[in-house]
There are 2 protein chains.
Amino acid sequence: MENPLDSVFAALADPTRRAILAMLLEDDMAVTDVAEPFEMSLAAISKHLAILTRAGLISQEKRGRVKWCKLEPDALREASVWMQSFGQFEPVNLDAFERFLEAELKD
Amino acid sequence: MENPLDSVFAALADPTRRAILAMLLEDDMAVTDVAEPFEMSLAAISKHLAILTRAGLISQEKRGRVKWCKLEPDALREASVWMQSFGQFEPVNLDAFERFLEAELKD
DNA sequence: AGGATCGTCAACCATTTGGTTGAATATGCC
DNA sequence: GGCATATTCAACCAAATGGTTGACGATCCT
């Protein structure tokens, strides 16, 4: 995967990883804490975090024995810009956004 | 893959499929014409088009023996909205966009 | 009818993906 | 030192992905 967009979009394609990003939106977190709400092994979450890191969507910094995960908005922004380059999109429509949030809540 | 974002982002993760979308930005195209610039079989392109269709990113309509492919911006817009929900992004930054285009041209 | 063109289907293959478990490494605590 | 905690590594597995080829069904043209 040469083009950075490949790894960014591939990373975003997994719901577990999108959920992790949403969690990190709140605050930086340790790997164990990221894993806590998920019904899957710590090793699996560790792999997801590695994928997000390779995509540039998060960064990880080890302090002591805990590794802190931090959202890195730049990569996401690049993907967002790619989408916007499909120019006919009017700048974000709040109605669409509200419908989206409503749809999310139904799940 | 239940969440529509799964299939949209998965579809966008492949460079061939992003290239197809960019082509369709110009105009609607027949499957054979979509396939022409790629060094891969028609069947492979047909599969890529099926993936884009399932993701809702394009639609296909058969008229006579040719099947026309048409960009469907709504699914893309939904993904774009999801990204924007990572709110700290200021509304699209033209400088970032110009840097992006410049970087693309270098390839 | 017969032939060429458009596109998909089916079977197959190699590679990647997303998960598991158990062992290993590194750090902090007493 | 010795134990608990935090995280990754390695080997493995099932399923999905991205490609191939060859046969097939539709449609158009003469």
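What counts, and at which threshold
Along each chain, the written sequence defines residue order, and numbers are assigned to residues from 1. Working convention: letters from A go to chains and numbers from 1 go to ligands, in the order in which they are written. In keeping with the model being predicted, local features are shown solely for residues with a pLDDT of at least 70 and side-chain atom pairs are shown and tallied solely at 80 or more, while totals for entire chains, interfaces and linings include all residues. Water and hydrogen atoms were dropped before computing side-chain values, which therefore reflect all heavy atoms in the structure. For each residue, the test is whether any non-hydrogen atom lies within 4 Å of the molecule or strand; if one does, the residue is near. A 3.5 Å cut-off defines polar contacts: any pair of N or O atoms within that distance qualifies, except that in protein one atom must be a possible hydrogen donor and the other a possible acceptor, and neighbouring residues in sequence count only when both atoms are side-chain atoms. Secondary structure follows DSSP: runs of H or I at least 4 residues long count as helices, runs of E at least 2 residues long count as strands, and numbering of each begins at the N terminus. Only Asp, Glu, Lys and Arg are considered charged in this grouping, and only Ala, Val, Leu, Ile, Met, Phe, Trp, Tyr, Cys and Pro are considered nonpolar; every other residue, Gly among them, is considered polar.

Trainee: How should the protein's contact with DNA strand D be read in this particular structure?
Mentor: Taken together, 21 residues lie around DNA strand D, and Thr32(A), Ser46(A), Lys67(A), Lys47(B) and His48(B) are the ones closest in. In the interface set of DNA strand D, defined as its atoms within 4 Å of the protein, sugar plus phosphate atoms amount to 64%. Between DNA strand D and Val31(A), the relevant distance is 3.4 Å, taken from a phosphate oxygen to a main-chain nitrogen or oxygen of the residue. A distance of 2.8 Å is found between a phosphate oxygen of DNA strand D and a side-chain nitrogen or oxygen belonging to Ser41(B). When residues of the surface near DNA strand D are traced back to their parent elements, those giving at least two are helix 3 (31-35), helix 4 (42-54) and strand 3 (66-71) of chain A together with helix 4 (42-54) of chain B. Element by element, the count of residues in the surface near DNA strand D is highest for helix 4 of chain B, at 5 residues. When its residues are assigned to classes, the surface near DNA strand D shows 9 nonpolar, 5 polar and 7 charged.

Trainee: What exactly am I supposed to notice about the protein's contact with DNA strand C here?
Mentor: Inspection of the region around DNA strand C gives 21 residues, with Ser41(A), Lys47(A), His48(A), Thr32(B) and Ser46(B) positioned closest. Backbone atoms, meaning sugar and phosphate, form 67% of the atoms of DNA strand C found within 4 Å of the protein. With respect to DNA strand C, the side chain of Ser41(A) contributes an N or O atom lying 2.7 Å from a phosphate oxygen. Contact between DNA strand C and Arg65(A): a sugar or linking oxygen at 3.3 Å from a main-chain N or O atom of the residue. Elements supplying a minimum of two residues to the surface near DNA strand C: helix 4 of chain A together with helix 3 (31-35), helix 4 and strand 3 (66-71) of chain B.

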